[in-house]
Amino acid sequence: MAFITLSRDNFYHNLNQIALKTGSKEKIAIVLKDNAYGHGLEPMAKMASEFGIQHAVVRNYLEAKEIESLFESILILGGEAVPGERFSYAINSLEDIARIPAGTRVELKVDTGMHRNGIAMNDLVPALERIRQKKLHLIGVMTHFRSADVLSSELFWQRKQFERVKKIVAEAGFTQIRIHSHNSAAILRSQDFNEDLVRVGIAAYGYNELPKVFDNIELKPVLGLYAKRVATHILKEGERVGYGGAFTAPKEMRITTYDLGYGDGWPRGDSDNPYLTAEGLPMLGRVSMDFVTLETDAEEVCIMDHAQKAACHFGTISYEMTTALSPNIERSVI
Ligand SMILES: *Cc1c(COP(=O)(O)O)cnc(C)c1O
């Protein structure tokens, strides 16, 4: 079976780099949504907890439940609210305030310009009133930046909006609130972090999607993707490989199929512009559901050791490369 390795050293290296920006690891909330960006929820949560991370962010209750014992707080970004001692729920809309059961710990997401989820600035005061009436337990106020990864003044504009939010929340009499707005891109750019928490995802996994000018921190990829040998053949000159016979052998070649395909979340891509594995081997012909073909007979091959480079090839981003990987692929910490 294809397998994934997770480098503890690289993960801890990245977390240390982020802690330098936040001032301490206590201020890091590790974002583990979507199976820890495809890395594997359980092993990543365990490593983060062993490093000393106390806060996590997940997509739904099921993910939170799985890692409940490992963290002091778990912020759940969406889905049905099931109260739990350590859990808090993001309020994404006014309807959420009506829907979430009284007594639940909540964190108010304010829309400071991304216009995806969150309470509009104009609705902030009534939203705070309703939270109080409904007896929800407000423990945090947050926002999300739309272009922290772009070289422009937008981030500063949105930060200004968020400063207003903080003021309004304080004036409404809510205290003991944790304030957080930074994702990876924002914290990597930040020189003067002064909030209570960062919600850091992609940087912890080792990728920096910021333009080169901000490339001041060295991050190391946590994930390696490997496949195992299935069958080796000799291909004669002129013979063709796989569906559609998209690759024609220019000479006699020793080729092997490996047990990874688009069924595992690996992109099918374009066989006319083949992906090169970490070791520089081009994928020959079309990617099948469960197999790829390479010119080697090694027992194991490293398909990918840097998701951002692979993402470049496929015209996407590191997030999508890793998140797409099937949860059925075996993960092991190295
Ligand atoms: C996914 C997510 C993050 C983490 O973003 P990265 O770019 O991976 O650091 C932070 N906050 C919210 C609300 C998110 O949905």
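Every value quoted in this text rests on a predicted model; they were computed, and no experiment measured them. (Residues numbered from 1 in each chain as written. Predicted model: local features only at pLDDT ≥ 70, side-chain atom pairs only at ≥ 80, totals over all residues. Heavy atoms only, no water.)

Quick word on the site of the ligand
Part 1 of the argument: The ligand sits among 14 residues. The nearest are Lys-33, Tyr-37, Ser-184, Arg-199 and Tyr-319.
Part 2 of the argument: Note that an oxygen atom of the ligand is positioned 2.5 Å from one of the side-chain N or O atoms of Ser-184.
Part 3 of the argument: In this structure, Tyr-319 approaches the ligand through a side-chain N or O atom, which is 2.6 Å from an oxygen atom.
Part 4 of the argument: When the ligand is considered free in solution it has 390 Å² of accessible area, and contact with the protein chains removes 94% of it.
Part 5 of the argument: Spatially, the ligand is embedded in the largest pocket.
Part 6 of the argument: Of all the elements in the fold, those that place two or more residues in the shell around the ligand are α2 (33-37) and β10 (197-200).
Part 7 of the argument: Classifying every residue of the shell around the ligand gives six nonpolar, four polar and four charged. (Near = heavy atom within 4 Å. Polar contact = N/O pair within 3.5 Å; in protein donor to acceptor, adjacent residues only side chain to side chain. Areas by Shrake-Rupley, 256 points an atom, 1.4 Å probe, with all protein chains shown as cover. 1 Å grid on protein atoms, 1.4 Å probe; cavity = no way out; pocket = protein on both sides within 12 Å on 5 of 7 lines; lining within 4 Å. Sits in = over half its atoms within 2 Å of the grid points. Helix = DSSP H or I, 4+ residues; strand = E, 2+ residues; numbered from the N terminus. Nonpolar A, V, L, I, M, F, W, Y, C, P; charged D, E, K, R; others polar.)

With respect to the packing of aromatic side chains
What characterises a pair of aromatic rings is the spacing of the ring centres plus the angle enclosed by the ring planes.
Part 1 of the argument: As enumerated under the stated definition, the model contains nine aromatic pairs in all.
Part 2 of the argument: With a centroid separation of 5.8 Å and 80° between ring planes, the pair formed by Tyr-61 and Phe-87 is classed as edge-to-face. In this pair, Tyr-61 is assigned in helix α4 (residues 61-66) and Phe-87 in strand β5 (residues 87-91), connecting sequence segments 26 residues apart.
Part 3 of the argument: Assessed through its relative accessible area of 22%, Tyr-61 is described here as partly exposed.
Part 4 of the argument: On the basis of relative accessibility, which here comes to 1%, the residue Phe-87 falls in the buried class. (Phe/Tyr/Trp six-rings, centres within 6.5 Å; stacked < 30°, edge-to-face > 60°. Buried < 20%, exposed > 50% of the residue type's maximum accessible area, 1.4 Å probe, protein only.)

Considerations on the domain arrangement of the chain
Part 1 of the argument: What the domain assignment reports for the chain is domain 1 (8-205) and domain 2 (223-333).
Part 2 of the argument: Summarising the inter-unit geometry, the C-alpha centres of domain 1 and domain 2 are found 37 Å apart.
Part 3 of the argument: Both sides of the domain 1 and domain 2 interface together cover about 820 Å² of buried area, and 64% of this is carbon and sulfur.
Part 4 of the argument: Ranking the residues of domain 1 by area buried against domain 2 places Tyr-37, His-39 and Ile-202 at the top, with a combined share of 52%.
Part 5 of the argument: Where domain 1 meets domain 2, there are zero salt bridges.
Part 6 of the argument: Here domain 1 is connected to domain 2 by four residue pairs in polar contact (both at pLDDT 80 or more).
Part 7 of the argument: Among the secondary structure elements, those contributing two or more residues to the side of domain 1 that touches domain 2 are α2 and α3 (41-51).
Part 8 of the argument: When its residues are assigned to classes, the side of domain 1 that touches domain 2 shows four nonpolar, four polar and two charged. (Domains from an automatic or database assignment. Buried area = accessible area lost by both parts, 1.4 Å probe. Salt bridge = Lys/Arg side-chain N within 4 Å of Asp/Glu carboxyl O.)

As for helix α10 (residues 307-314)
Part 1 of the argument: All of the buried residues in α10 are Ala-307, Gln-308, Ala-310 and Ala-311. Summarising the axial view, the buried residues of α10 lie within an arc of 155°, below the 170-degree limit, and thus occupy one face. Turned more than 90 degrees from where α10 packs its buried face, Lys-309 and Cys-312 sit exposed.
Part 2 of the argument: Looking at the buried residues of α10, the elements they touch are β16 (300-304) and α11 (318-323).
Part 3 of the argument: Just beyond α10, the residue with positive phi is Gly-315, at close to 70°. (Arc of directions from axis to C-beta. Contact = heavy atoms within 4.5 Å.)

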